[in-house]
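# Examination of the molecular architecture
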Amino acid sequence: MMRMDAPPASRAANRQALTRRWMSRGLCYFILLSIALVSFFPFYVMLLGATQDNYHITSTVTLLPGRHLAGNYARMMQNKNIWRGFMNSLSLALANTAVCLYFSSLTAYAFAKFRFKGSGALYGIIVSTMMIPGQLGVIGFFRQMSDMKLLNSYIPLILPAISNCFAVFFFRQYLESSLPNELIEASLMDGCPEITIFHRVVLPVMVPALVTQGVMSFIGNWNSYLNPLIILTQTQKMTLPVMLASIKSSGGAADYGAQYVGILVSVLPLLIVFAFANRVIVEKIAIGAAVKG
Amino acid sequence: MLTRKRQRWAYLYILPFFASFLAFSVYPIFYSFYLSFTEYDPLSLATRWVGAANYIRMFTSRYFWDSVGHTLVIWLFSIIPQLTIAMLLSLILNERWVKGKTALRSIYYFPNLVTPITIGLLFNMLFSYPGGTINNILTALHLFPHPVEFKNAPVLAMLVGGIAICWQYFGYNIIFISAGLNAINQDVYEAAEMDGANAWQRTAHITLPLIRPIMIYVMVTSVIGGLQIFDIPKMLFRDGVANSTRTMVLYMYESAFERWQFGFGAALAYGIFLVIAVFSALSLFVTTRIGSKNAKEGKTA
């Protein structure tokens, strides 16, 4: 921005402005990087802790990994079969996501492309339910499942995914902007049966939205704790978060090394999902902001 | 083409949703309401009608009001640094000259994906006494002569809870606020720059008023989510003497699923609902007021 024909006085002023600009930029980078370090710090402690023995974790400050990963892992596996919990969580999250995506998109399609009696009121119910705190019905839900002899079963953890208000809201927004009516009309003209239109025409158009919502649903389910905690009673069926929590509460002297390995096992899949779906996740949140803004 | 007869298909399409919605969302909420007027006897498995007794017990219970207080303090300890950091970083990341934006946003955001149980466990170990990592660092740097027992100092314990939640959510808010900043028309800034407005003036009089709707949304959802915190406090300092991290939902969980007082637990659920409704309305009122005041000042300036 410096002009070569500027008089000497203003050139000095320019230089000053330039120094000030570089200093403020330096300060900004310093803030950005130090917060990034703070953000990463707990993960670093986790990685270190998983490789160190309990003496080093509790009594020293070190930045270098130790050589006790295998020992920590063996002790953790003795305590709980964490891979069992891992597989339970994985299958539950996948089933849940599949159910949520199919039925939410079907519902959203009905609200986006059909004008039926009561559609406004019913959709209003869906939107207003999104504001009700989730814990309100927890005890009633538990007693209902207990009455129906469905405790310790996966059914109460999968079937409610059929009615995910947030997913319906998101899909409807998407369909209204991305699915042209002409496409449906053309399929009807070709004599395509109604449900086939949904499967062959609507679902393919929705793929980007399905991926986005699918990633979010999967993560949400992978992390869910309260419902699996109250519904599942057998260790065999427990999900990973429930198992991790029970390692902590199973008493005795705290075995930090083993616990850090457990934490590592629960964080790794999220890291993998994030590495592949980073852009999708960020976009989904940004879309949320655009809707609200 | 869009005949009236065709519209009937819609009912079939929304049927599974509303069947599940009624069975698993609406019914449990009403059933909870009924249960809140009853008492459960774990020995005979009988449920007995007790009228408003559970509600009277709740409103006169010190433990309930304590849990409300703990929840609010933890929420404040988390929301203040969370929004300050998120706002500051979003504004910096919004500058054109910053390099590595995507990588930085990913690093900030990643904690938000981590299982809350894991976060609670991680922070429990970081802040444990006497051999937690934070204590080791503080004593090694000679900032404190002795390790600090975080879990038994109520304010510190709640502060750690707040820090854990802040760590989990500030990156999410950065993405949210950044999207809002992105949506602001660049012409407005160029016009202001032409009129001689400096960076601070542009931030105060253009950026902040324009992302007001986003901030209102962030505040209200943060009240609804933040007052329901359960997983992190449950893992954090449950054995602390003062139980200063026992939040409302944790108290409800303990009543219903550890002491088998389903009736009292259900009453607590409705009490929590009330508290959350009051504070969401309050936060909506306050953020809207502050926002419109700023906007007015911006106009006269």
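Sequence positions are assigned chain by chain, starting from 1 and proceeding in written order. Written order decides the labels, with chains lettered from A and ligands numbered from 1. pLDDT decides what is reported in this predicted model: residues at 70 or higher carry local features, side-chain atom pairs at 80 or more are listed and counted, and totals for whole chains, interfaces and linings draw on all residues regardless. Calculated side-chain values reflect all of the structure's heavy atoms, with hydrogen atoms and water omitted.

Below, the discussion takes up a nonpolar patch on the surface. A cluster of nonpolar side chains, namely Ile195 of chain A together with Trp9, Leu12 and Leu15 of chain B, defines an oily patch on the protein surface of about 360 Å² accessible area. Here a strand is any run of E in DSSP of at least two residues, a helix any run of H or I of at least four, and the numbering for each starts at the N terminus. If you tally residues by element for the nonpolar patch, the top one is helix H1 (residues 8–35) of chain B, at three residues. Note that Leu12 of chain B resides in helix H1. A residue counts toward a patch only above 30% relative accessible area and without a salt bridge, and it is joined to like-charged neighbours within 9 Å or, for Val, Leu, Ile, Met, Phe, Trp and Tyr, to nonpolar neighbours within 5 Å. Only the protein chains shown count as covering a residue, and every accessible area follows the Shrake-Rupley method with a 1.4 Å probe. Any Lys or Arg side-chain nitrogen found within 4 Å of a carboxyl oxygen on Asp or Glu counts as a salt bridge.

All right, on to the side chain of Arg202 of chain B then. Considering the arrangement of structural elements, one finds Arg202 of chain B in helix H9 (residues 199–210). Glu193 of chain B provides the closest opposite charge to the buried, salt-bridge-free Arg202 of chain B, at an N-O distance of 4.2 Å. Relative accessibility thresholds used throughout: buried, under 20% of the residue-type maximum; exposed, over 50%; partly exposed, between the two (1.4 Å probe, protein chains only). Neither His nor the chain ends contribute to the count of charged residues, in which Lys and Arg are positive and Asp and Glu negative.

Here the focus is the interface of chain B and chain A. On the side of chain A, 93 residues touch chain B, which itself brings 88 residues to the contact. Note: buried area is the sum, over both parts, of the accessible area (probe 1.4 Å) each one loses when the two are combined. Buried area between chain B and chain A, both sides added, is near 8,400 Å², and the carbon and sulfur share of it is 77%. Along the contact surface separating chain B from chain A lie one salt bridge. The salt bridge partner of Arg6 of chain B is Glu194 of chain A, with a shortest N-O separation of 2.5 Å. As used in this structure description, the phrase polar contact means that two N or O atoms lie within 3.5 Å; if the pair is within protein, one of them must be able to donate a hydrogen and the other to accept it, and residues adjacent in sequence are counted only when both atoms belong to side chains. There are 24 residue pairs in polar contact (both at pLDDT 80 or more) connecting chain B and chain A. If one sorts the elements of the side of chain B that touches chain A by residue count, H1 of chain B sits on top with 19 residues. Classes in brief: Ala, Val, Leu, Ile, Met, Phe, Trp, Tyr, Cys and Pro nonpolar; Asp, Glu, Lys and Arg charged; the others, Gly included, polar. Class assignment for the residues of the side of chain B that touches chain A results in 69 nonpolar, 15 polar and four charged. Two residues qualify as a contact provided that any one of their heavy atoms is within 4.5 Å of a heavy atom in the partner residue.

Residue and element names in this part refer to chain B. Every angle, taken between N-to-C directions, lies between 0 and 180 degrees, and every axis is a line fitted to C-alpha atoms, over only the stretch in contact when it is a helix. It is the contact of helix H4 (residues 101–109) with helix H7 (residues 154–182), at a shortest axis distance of 7 Å, that shows an interaxial angle of 135°. One finds that H4 runs oblique with respect to H7. Counting all contacts with H4, which are made through Arg105, Tyr108 and Tyr109, the residues of H7 involved are Phe170, Gly171, Tyr172, Ile174, Ile175 and Ser178. For the contact of H4 with H7, the per-class residue count stands at six nonpolar, two polar and one charged. Here the angle decides the label: under 35 degrees means roughly parallel, over 145 means roughly antiparallel, 65 to 115 means roughly perpendicular, and every other value means oblique.

A few words now on the nonpolar core. Each nonpolar core is a collection of buried residues, namely Ala, Val, Leu, Ile, Met, Phe, Trp, Tyr and Cys, held together in the definition by side-chain atoms within 4.5 Å. Residues Tyr260 and Ile281 of chain A together with Tyr108, Phe123 and Phe257 of chain B are the most contacted members of the largest nonpolar core, which totals 145 residues. The domain limits used here are those given by an automatic or database domain assignment. Built from parts of two domains, this core gets at least three residues from each of domain 1 (1–36) and domain 2 (71–292) of chain A. Formed by 38 residues, the second largest nonpolar core is a distinct cluster that contains Leu101, Val201, Met206 and Leu210 of chain A.

In this sheet, strand E2 (residues 46–49) of chain B lies alongside strand E1 (residues 38–41) of chain B in antiparallel orientation, the contact comprising four bridges. Residue pairing across strands places Thr38 of chain B opposite Trp49 of chain B, the latter belonging to E2 of chain B. In this description, strands pair whenever DSSP reports at least two bridges between them.

With that out of the way, let us pick up the domain arrangement of chain A. Domain annotation for chain A reports domain 1 (1–36) and domain 2 (71–292). Taking the mean C-alpha position of each, domain 1 of chain A and domain 2 of chain A sit 49 Å from one another.

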